[in-house]
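# Breakdown of the fold
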Amino acid sequence: MTRLAAFGSMALVTYTALADTTSDAIRRNSQYASVQQAVYQLVAESYDVDNDATIEAPAMKLGTGLGTSDGGVIPDTSSAPKTDGFGGTLGYCAWDNGTLTSSSGRLPGSTAAGSVSLAVISYGLDNVFQTTCADLAQGIVRGDDYAFWMTTNQVTTGASSTTSTYWGAPAASLTALQGLSAGSLHDGEVRLTTDTNRMYRWSASQQQWLNLGGGSGGSQNWLDNGTYDVTMANASGRVAIGQTTLGAEKLTINSGASATALGLSGTSSTTGINIYNTAGSSVNAFLGYDNTNSKMLINVANGSFAIKTGGSERFNLGTDGTVTVNGAVFLDASKNVTANGGAFSGVVNAGGGLQVGGTTVIDTSRNLNNINNVIAAGNATVTGYANVGSLQIGGASAIDGSRNGTLATLVTSGGITANGGINTSSLTATGQIVAPVGSTSSPAYTFTGSPTTGLYSPSANTLGLVAGGTQVLSATSSGVSLPAGTTVSGGNLVLSSPSITGALAARPTASVANRIYMTTDTNEIYRDTGSAWAKVGASSLATMGDVSLTSPSNGQALVYNGTTGKWANGMSLVENSTGFSLAGGVTRKTLTVNNSITLAGTDGTTMTMPSTSAILARTDATQTFTGQQNFSGAINASGAIYGNNIVPSLVAGAGASCAGYNTGAMANTSNGIPVFCSGGVWTKVSTGTAASRFGGTYAMSGTNCSTANPETGACSCPGGYNSYQTGNSSGSFITYTFYLCQN
């Protein structure tokens, strides 16, 4: 990105103003000065926004009512004046010229060097912008507006004069600069080459580009002040300060006899040097001073900090805070070792105290002997022997396999990891004691002489009790359970809890699944489903198994009482060799009762017989029925049927259909005349000779029935009877014909 770094006097400017009277000349001059100052400042803030080798002015501040109808005002971030001398807001237009013309806050421009790049407008006495950005792009100013603008060429190269500095567009290389036409260049014009990032100035007198840092020869890339205090990079990119000869390093500093070679200062929280990775994108380390906490600071972002002597690493500070010292550790006069963290592969023999704030690692066969106290604020790992009077650890403690520790007191606020043994008369842990999960064959916590008996964790958040290599109990946050097949023997199993027994009405609210409650007043057992209490027992007679009572009576049977919702003793059922009897009886499939059977009830009490053997015993004695008996089927009797009041069925009358009745069935008409079913109709029963078989009479009045036959209820004869006309009778305008029915 190319930024306009300096801007000299501008000779080529465009200034327009309308002819005006003397009365507003002062205002115009003030407006002109503000507009021109704003343009110069905006040019100084211009840079190549979209990297198309064309400088763009700062973006416009846009919004309703801001500036011209198609432009805006000067952005708040600019140092340019934003009002004229009379407080009027300045309008602002900015274009994006070049090959890319769509940057934000700018009007689309063109590739022409003479295109307007930016313009500032001050409205006249009417306080209204009459000129638009589109007008200014054409060089037009309207009404009493005042405008000042510059083209892309003016912004890029400056105005022509003997004291101006010209800034040209960057070139790809020195060769590209040398290929430019001399006639288009200005004496003193400065351009940058992007391949080497060097600055060159055009000399009109010498007709060549001169390196700004090395005179005409260009042997130096930057600056040489002539006294050799600073010698900048040569072709190899090396720099020397304070000496004439460059060293092999990229930077060589020779302070001489009376000065410090390098001094750093700063006002931030830290002052120092950043050391980057090979790509230069991230800081690997920092070497400096912590101004806030007043301490020397070495901050290694990646890897560890090491110190070498004689080509060998003697000290290493790891990323986890572990300190490794490859060599002897000497104690002070009091034989104390005090460190913020340490790892020792040599022998540590401290007669006094050993205090470690970080991680302490003592390697294999490196013993910790004859120390009164070991205090570690961090972690402590001992792969050798630990023989101390007191071991206090704030972090984790690890004692490796076969490396036993003998100590009087072990105090830790962190964790203890022991792959070997810990022999101590007192073990106090204010933190966690972490053991492996173990297994049934090798529990994590066991006992001397019983290596397969103890505690282990079969899964996360589960504790298992093992006896002889077999898990006999499991405990989770939900409760304690016994594995399938595990029995409780040798005594009574007692469930005790404030809410496990009591009166039925005192049961707690159901909320704990599989909780058991035994009632002391009704002697019942209930199970908590989690939402309700369910009585323990069979859900139906089909699923009801054997029921054991303490002292049942012979033949007792249970009868369910729907009112109380309980089973109660209702009768005695005696088992015999050939069946069962109720209060006696020996015949299989026969219920024998010594006394009477009473069917009681307020509703209709019936006795239903099987359809395959509808027989009512006893058959060898007279059956007496005091109430009315209704039979929907036929009554078959081999003997006589006696009765003082046997009422046959009532039918409509002789001659009516007797469908549904057997032939010979008897009935009475509504007039009490006996009839029988013959030929599908009810037929009157006749007595006496043929001449006296009377079937009733009826009378007709024309085709209308005047008087019905009482035998049939209509002007007709019963079935099997013929009608005979017996005579006529005439009245007032009516003639009656009489008929006789006879068989």
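Predicted model only: the values in this text are computed from it and were never measured.

Moving on: the overall build of the chain. For the chain, the count of helices and strands is four helices and 50 strands. Expressed as a percentage of the 743 residues in the chain, the buried residues total 28%. In the chain, 27% of the contacts between residues at least 6 apart in sequence involve partners at least 24 apart. Surface accessibility of the chain: about 44,800 Å² in total, with carbon and sulfur atoms responsible for 52%.

As paired elements, strand β47 (residues 694-701) and strand β50 (residues 735-742) share five bridges and run antiparallel to each other. Pairing of Met 700 across the sheet is with Thr 737, part of β50. The sheet contact formed by β47 and strand β48 (residues 704-707) spans three bridges and is antiparallel. Among the inter-strand pairings, Ala 699 is bridged to a residue of β48, identified as Thr 707.

Moving on to the side chain of Asp 96. Inspection of the secondary structure assignment puts Asp 96 in strand β3 (residues 91-96). Here Asp 96 is buried and forms no salt bridge, its nearest opposite-charge partner Arg 106 lying at an N-O distance of 5.8 Å. Polar side-chain contacts of Asp 96 include one of 2.8 Å to the side chain of Ser 103. Residues contacting Asp 96, with those up to four places away along its chain left out, are Asp 50, Asp 52, Glu 56, Thr 101, Ser 102, Ser 103, Arg 106, Leu 107, Pro 108, Gly 109 and Ser 110.

In a soluble, globular protein the nonpolar side chains are often hidden away together inside. The biggest cluster of nonpolar side chains holds 18 residues, and the ones touching the most others in it are Leu 42, Ile 74, Tyr 92, Leu 118, Val 120 and Met 150. Of all elements in the fold, only α1 (25-44), β3, β5 (116-122) and β6 (146-151) reach the threshold of two or more residues within this core. The element that contributes the greatest number of residues to this core is α1, accounting for five residues. Ranked by size, the runner-up nonpolar core spans 10 residues in total, among them Trp 95, Val 116, Ile 121 and Trp 149.

We now examine a nonpolar patch on the surface. Judged by side-chain polarity, Leu 262, Leu 264, Ile 273, Ile 275, Leu 287, Tyr 289, Met 296 and Ile 298 come together as a nonpolar surface patch covering roughly 730 Å² of accessible area. Judged by relative accessible area, which is 56%, Met 296 ranks as exposed.

Taken in spatial order, the four strands make up an open sheet running β48-β47-β50-β49, and their pairing is antiparallel. Looking along the sheet, the strands with just one partner apiece sit at the ends: β48 and β49 (722-730). Each strand axis lies, on average, 35° off the axis of its neighbour in the sheet, ignoring direction.

Reading across from one edge, β43-β44-β45-β46 is the order of the four strands in this open sheet, with mixed pairing throughout. Both outer strands of the open sheet, β43 (649-651) and β46 (681-684), are each paired with one neighbouring strand and no more. With direction set aside, neighbouring strand axes in the sheet form an average angle of 50°.

Positive phi, normally seen in glycine, also occurs at Asn 127, with a value near 60°. Tracing the backbone through its elements, the reader meets Asn 127 in the loop between β5 and α2 (133-137). Positioned with a positive phi, Asn 461 is a non-glycine residue whose angle comes to about 60°. Inspection of the secondary structure puts Asn 461 in the loop between β32 (450-456) and β33 (463-467). Judged by its relative accessible area of 74%, Asn 461 falls in the exposed class.

As a further point, take the pairing of strand β45 (residues 674-678). The alternating pattern of β45 places Val 675 and Cys 677 on a buried face and Pro 674, Phe 676 and Ser 678 on a face that is not buried. As defined by bridge partners, strand β44 (residues 666-669) adjoins β45 across three bridges and the pair is classed as antiparallel. Within β45, the position partnered with Ala 667 by the bridge is Val 675. Connecting β44 to the antiparallel partner β45 that follows it, the hairpin turn spans four residues, and Gly 672 within it adopts a positive phi of roughly 80°. With four bridges joining them, β45 and β46 adopt antiparallel strand pairing. By the bridge assignment, Ser 678 is partnered in β46 with Val 681. Taking the residues between adjacent antiparallel strands as the criterion, β45 and β46 are bridged by two residues, where Gly 679 takes a positive phi near 65°.

Here we come to the state of the cysteines. Scanning the entire structure with this criterion turns up four disulfides. Paired by a disulfide, Cys 705 and Cys 715 hold their sulfur atoms 1.7 Å apart. Every disulfide takes its handedness from the sign of the S-S torsion; for Cys 705 and Cys 715 that torsion is 80°, giving right-handed. Of this pair, Cys 705 sits in strand β48 while Cys 715 sits in the loop between β48 and β49; the two residues are 10 residues apart in sequence, bridging distant segments of the chain. By relative accessible area, which is 42% here, Cys 705 ends up partly exposed. The disulfide partner of Cys 717 is Cys 741, and the S-S distance across this bridge is 1.9 Å.

Time to look at the confidence of the model for the chain. Averaged over every residue, the pLDDT of the chain is 73; residues scoring 70 or more account for 60%. Contacts for the low-pLDDT stretch residues 214-228, under 50 throughout, to residues beyond four places or in other chains number 27 contacts. In the predicted structure, residues 688-692 sits below a pLDDT of 50 and forms six contacts with residues beyond four places in sequence or in another chain.

Glancing now at the packing of aromatic side chains. For the coordinates displayed, the defined rule picks out six aromatic pairs. When the centroid spacing of 5.1 Å and the interplanar angle of 65° are considered together, the rings of Tyr 661 and Trp 682 count as edge-to-face. Of this pair, Tyr 661 sits in the loop between β43 and β44 while Trp 682 sits in strand β46, and the two are 21 residues apart along the sequence. On the basis of relative accessible area, Tyr 661 is assigned to the partly exposed category, the value being 41%.

With that settled, the discussion passes to the environment of Ile 362. Inspection of the secondary structure assignment puts Ile 362 in strand β23 (residues 360-362). A C-alpha to C-alpha distance of 6.4 Å links Ile 362 and Thr 381, two positions 19 residues apart in sequence.

Here the focus is the pattern of salt bridges. All chains considered together, the criterion is met by four salt bridges. Taking the shortest distance from any N to any O, the salt bridge between Arg 515 and Asp 528 comes out at 2.9 Å. Of the two residues, Arg 515 sits in the loop between β36 (501-502) and β37 (516-519) while Asp 528 sits in strand β38 (residues 525-528), which places them 13 residues apart along the sequence. The partner of Glu 524 in a salt bridge is Lys 535, with the nearest N and O atoms 3.3 Å apart.

Quick look at the environment of Tyr 739 now. One can find Tyr 739 in strand β50. Counting along the chain gives 23 residues from Tyr 739 to Ser 716, while the straight-line C-alpha distance between them is 8.9 Å. Excluding residues within four positions of it along the chain, Tyr 739 makes contact with Gly 696, Thr 697, Tyr 698, Met 700, Tyr 724, Gln 725 and Thr 726.

What counts and how
- Residues numbered from 1 in each chain as written.
- Predicted model: local features only at pLDDT ≥ 70, side-chain atom pairs only at ≥ 80, totals over all residues.
- Heavy atoms only, no water.
- Helix = DSSP H or I, 4+ residues; strand = E, 2+ residues; numbered from the N terminus.
- Buried < 20%, exposed > 50% of the residue type's maximum accessible area, 1.4 Å probe, protein only.
- Contact = heavy atoms within 4.5 Å.
- Areas by Shrake-Rupley, 256 points an atom, 1.4 Å probe, with all protein chains shown as cover.
- Pairing = 2+ DSSP bridges.
- Lys, Arg positive; Asp, Glu negative; His and termini not counted.
- Salt bridge = Lys/Arg side-chain N within 4 Å of Asp/Glu carboxyl O.
- Polar contact = N/O pair within 3.5 Å; in protein donor to acceptor, adjacent residues only side chain to side chain.
- Core = buried A, V, L, I, M, F, W, Y, C linked by side-chain atoms within 4.5 Å.
- Patch = residues over 30% accessible without salt bridge, like charges linked within 9 Å, V, L, I, M, F, W, Y side chains within 5 Å.
- Axes fitted to C-alpha atoms, helices over the stretch in contact; angles between N-to-C directions.
- Disulfide = S-S within 2.5 Å.
- pLDDT = per-residue confidence, 0-100.
- Phe/Tyr/Trp six-rings, centres within 6.5 Å; stacked < 30°, edge-to-face > 60°.

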